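Residue-level structural notes
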2 protein chains.
Amino acid sequence: MLNDKSLATAPDCADCPIRHRAVCARCETDELERLEEIKYYRKFEAGQTVIWSGDRMDFVGSVVSGIASLTQTMEDGRTQMVGLLLPSDFVGRPGRSTAAYDVVATTDLVMCCFRKTPFEEMMVRTPHIAQRLLEMTLDELDAAREWMLVLGRKTAREKIASLLSIIARRDATLKTGKLEGALVFDLPLTREAMADYLGLTLETVSRQMSALKKDGVIQLEGKRHVTIPDMARLMDEAGDDADGGILA
Amino acid sequence: MLNDKSLATAPDCADCPIRHRAVCARCETDELERLEEIKYYRKFEAGQTVIWSGDRMDFVGSVVSGIASLTQTMEDGRTQMVGLLLPSDFVGRPGRSTAAYDVVATTDLVMCCFRKTPFEEMMVRTPHIAQRLLEMTLDELDAAREWMLVLGRKTAREKIASLLSIIARRDATLKTGKLEGALVFDLPLTREAMADYLGLTLETVSRQMSALKKDGVIQLEGKRHVTIPDMARLMDEAGDDADGGILA
DNA sequence: CGTAGCATTGATATCTGTCAAGCGTTGTGG
DNA sequence: CCACAACGCTTGACAGATATCAATGCTACG
């Protein structure tokens with residue numbers, strides 16, 4: 001499985017870009033030293049599969065950079081993305097030995113992995129880690145439930161607008177920290193990946209993107225470069241309250 | 001809010017039916033004593049709202065008996081159920097002061113509530129509780145993701161079969177502990193509640209129930225009393241692997 | 001007996017999926 | 001260097017699933 005290129009030297013936790021947001025956020029110096037001992041980096045190229053559902057999984061870890069997706073597939077090939085993993089998000093489940101979902105690198109991806117058994121031992125001894133993981137899991141549960149509303153009740157147009165608004169908001173808060181004026185970003189997902197996330201076909205995604213463009217809700221340069229001239233308008237199209245939005 | 005009828009004397013934790021499955025599952029005697037001090041029971045009749053989304057929430061708690069639902073509602077009235085709370089399931093989120101969803105009693109309901117602030121203090125001091133809550137939250141996250149596949153990719157018929165199979169399985173494991181032979185149970189949900197859970201209209205639910213009945217997948221006496229002659233057949237209709245099923 | 005709530009069924013409309021053709025870019029091998 | 005294949009995407013025509021609107025049935029209950 002592992003080859004030379006997939007392994008990479010792991011930098012010090014002190015220099016880590018996700019140091020204060022990941023599962024290790026609340027660890028003290030000595031705890032970080034212990035984590036350093038059981039961690040290793042792995043890199044994946046866009047499109048590579050990190051792990052297959054059902055496979056034995058002897059690590060857990062955090063996304064350091066890039067985006068990964070969690071997907072489920074039915075026997076006849078229908079697939080549904082059930083999670084989008086961004087930097088600092090956690091992969092794997094302590095106490096479970098096999099993967100419950102396919103994990104795929106959507107973009108080039110760097111992960112900080114911990115050997116599972118020592119990590120589990122450390123969790124028992126280090127309440128910080130379990131507490132932080134609980135917080136993160138509760139956030140993910142909220143996001144999953146938010147997404148259930150999107151999947152169950154929104155129209156195709158609203159679904160697209162919801163996805164764009166989530167990506168735009170995350171991107172804006174990372175880059176500038178504010179949501180004013182026009183927002184510009186690159187879509188990290190193919191039309192097919194968008195369809196898998198939204199429970200649509202890629203044709204419907206394409207049509208609705210075109211429709212939103214025609215109506216001036218978004219501007220497109222090429223396939224991926226998106227400009228949102230009016231965020232409130234987009235959120236209105238998404239069917240969300242324009243003020244604050246999700247979990248405000 | 002609270003009236004005479006809604007409050008009820010709480011029995012000893014030692015006699016509690018959900019003692020070994022709820023958030024308190026791993027507590028020791030002295031910890032239970034502390035919990036006894038901050039707990040109180042509340043009863044709700046079918047249809048009553050336990051709490052409205054956005055309301056201040058000064059308790060967390062466990063479902064002791066009955067079923068509650070978590071729902072989200074859009075401005076125009078579209079609603080999506082995002083969780084079904086069964087006995088031992090946990091309600092509320094430590095560290096958050098307002099409810100994120102509407103919580104409604106689907107059947108008559110008894111809840112064991114803990115005052116939020118003392119419970120949070122206790123969580124910090126009692127790793128058992130945080131660990132158990134983490135486990136339960138991870139299970140809920142898995143269930144939510146499983147449901148995303150149902151909402152995003154399954155047909156109306158498969159959705160109904162999925163819901164029936166979940167209820168049947170839970171009911172069977174509670175009553176007899178095995179899944180053999182014909183399964184019989186009462187639906188705890190109205191057609192409308194089923195529709196809200198499945199992202200369908202109540203008419204479509206009704207039609208698909210009739211179709212499954214006509215095809216012999218289920219038998220119906222009255223509106224709610226269901227017999228599953230062949231569980232494997234039902235799971236096949238649900239589009240799940242017949243062996244083991246969800247998270248096997 | 002009449003009403004209210006829940007459920008069923010029918011007719012029709014609409015949205016999204018399916019199938020198919022074609023475009024533009026990228027990369028590769030002759 | 002060019003031709004061509006591969007890939008991601010767009011667009012069109014059509015079909016099919018589910019929603020919508022409407023009428024009716026069934027129970028329980030006052």
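From a predicted model like this one, the values you see are computed outputs, not experimental measurements.

Concerning the interface of chain B and chain A
Accessible area lost on assembly of the parts is the figure often given for the size of an interface. Facing the 45 residues of chain B at the interface are 45 residues of chain A. Linking chain B with chain A are twelve salt bridges, by the criterion used here. Measuring nitrogen to oxygen at the nearest pair gives 2.9 Å for the salt bridge that ties Asp139 of chain A to Arg93 of chain B. In this assembly, chain B and chain A are joined by 27 residue pairs in polar contact (both at pLDDT 80 or more). Counting only elements with at least two residues in the side of chain B that touches chain A, the list comes to β5 (68-73), β6 (79-85), α2 (116-125), α3 (127-153) and α5 (191-198) of chain B.

Some thoughts on the sheet that holds strand β3 (residues 49-51) of chain B
Here we have four strands laid out as an open sheet, ordered β3-β8-β5-β6 (chain B), and antiparallel in their pairing. The sheet is open, and its two edges are formed by β3 and β6 of chain B, each paired on a single side. Across this sheet, the average inter-strand angle for adjacent strands is 35°, counted without regard to direction. Where β5 of chain B meets strand β8 (residues 102-105) of chain B, four bridges bridge the pair, whose relative direction is antiparallel. Bridge pairing in β8 of chain B places Ala68 of chain B opposite Ala105 of chain B. Across the sheet, helix α3 (residues 127-153) of chain A lies against β5 and β6 of chain B, angled at about 130° from β6 of chain B, the strand it touches most.

Points about the UniProt feature "domain: Cyclic nucleotide-binding" (unreviewed entry) in chain A
In the numbering used here, UniProt assigns the "domain: Cyclic nucleotide-binding" (unreviewed entry) feature to residues 23-140 of chain A. Helix makes up 29% of residues 23-140 of chain A and strand 36%. Its end C-alpha atoms lie 13 Å apart.

Thoughts on α5 of chain B
Taking burial as the measure, the eight residues of α5 of chain B include seven buried ones, the bulk of the element. Along its buried surface, α5 of chain B packs onto α3 of chain A together with β6, α3, α4 (156-175), α6 (202-214) and β11 (219-221) of chain B.

Quick notes on the protein's contact with DNA strand C
Neighbouring DNA strand C are 17 residues; Thr204 and Arg207 of chain A together with Arg191, Ser206 and Ser210 of chain B lie closest to it. Per the 4 Å cut-off to the protein, sugar and phosphate atoms form 60% of the nearby atoms of DNA strand C. Measuring from a phosphate oxygen of DNA strand C, one finds a backbone N or O atom of Ala156 of chain A at 2.8 Å. Looking at the surface near DNA strand C, the elements with two or more residues in it are α6 (202-214) of chain A together with α6 of chain B. Looking at which element gives the most residues to the surface near DNA strand C, the answer is α6 of chain B, with five residues. Taken together, the residues that form the surface near DNA strand C break down as three nonpolar, seven polar and seven charged.

Details of the packing of helix α4 (residues 156-175) of chain A against helix α5 (residues 191-198) of chain A
Residues and elements named next belong to chain A. At their nearest, the axes of α4 and α5 sit 11 Å apart, and the two run at 110° to each other. It follows from the interaxial angle that α4 and α5 lie roughly perpendicular. Mapping the contact onto sequence places Lys159, Ile160 and Leu163 in α4 and Met194, Tyr197 and Leu198 in α5. In the contact of α4 with α5, the residues fall into five nonpolar, no polar and one charged.

A look at the confidence of the model for chain A
Model confidence for chain A is summarised by a mean pLDDT of 92, while 94% of its residues fall at 70 or above. Low pLDDT, under 50, characterises residues 244-248 of chain A; the stretch is placed with six contacts to residues that sit more than four places away or in other chains.

Some remarks on the protein's contact with DNA strand D
Close to DNA strand D lie 17 residues, the nearest being Arg191, Ser206 and Ser210 of chain A together with Ala156 and Thr204 of chain B. Protein-proximal atoms of DNA strand D, defined as those within 4 Å of the protein, fall in sugar or phosphate at a share of 63%. In the environment of DNA strand D, a phosphate oxygen lies 2.7 Å from a nitrogen or oxygen atom belonging to the side chain of Arg191 of chain A. Looking at which element gives the most residues to the surface near DNA strand D, the answer is α6 of chain A, with five residues. In terms of residue class, the surface near DNA strand D is made up of three nonpolar, seven polar and seven charged.

Conventions and cut-offs
Residues numbered from 1 in each chain as written. Chains lettered and ligands numbered in written order. Predicted model: local features only at pLDDT ≥ 70, side-chain atom pairs only at ≥ 80, totals over all residues. Heavy atoms only, no water. Contact = heavy atoms within 4.5 Å. Salt bridge = Lys/Arg side-chain N within 4 Å of Asp/Glu carboxyl O. Polar contact = N/O pair within 3.5 Å; in protein donor to acceptor, adjacent residues only side chain to side chain. Helix = DSSP H or I, 4+ residues; strand = E, 2+ residues; numbered from the N terminus. Pairing = 2+ DSSP bridges. Axes fitted to C-alpha atoms, helices over the stretch in contact; angles between N-to-C directions. UniProt positions renumbered as here; feature names shortened; annotations may be inferred. Buried < 20%, exposed > 50% of the residue type's maximum accessible area, 1.4 Å probe, protein only. Near = heavy atom within 4 Å. Nonpolar A, V, L, I, M, F, W, Y, C, P; charged D, E, K, R; others polar. Parallel < 35°, antiparallel > 145°, perpendicular 65-115°, else oblique. pLDDT = per-residue confidence, 0-100.

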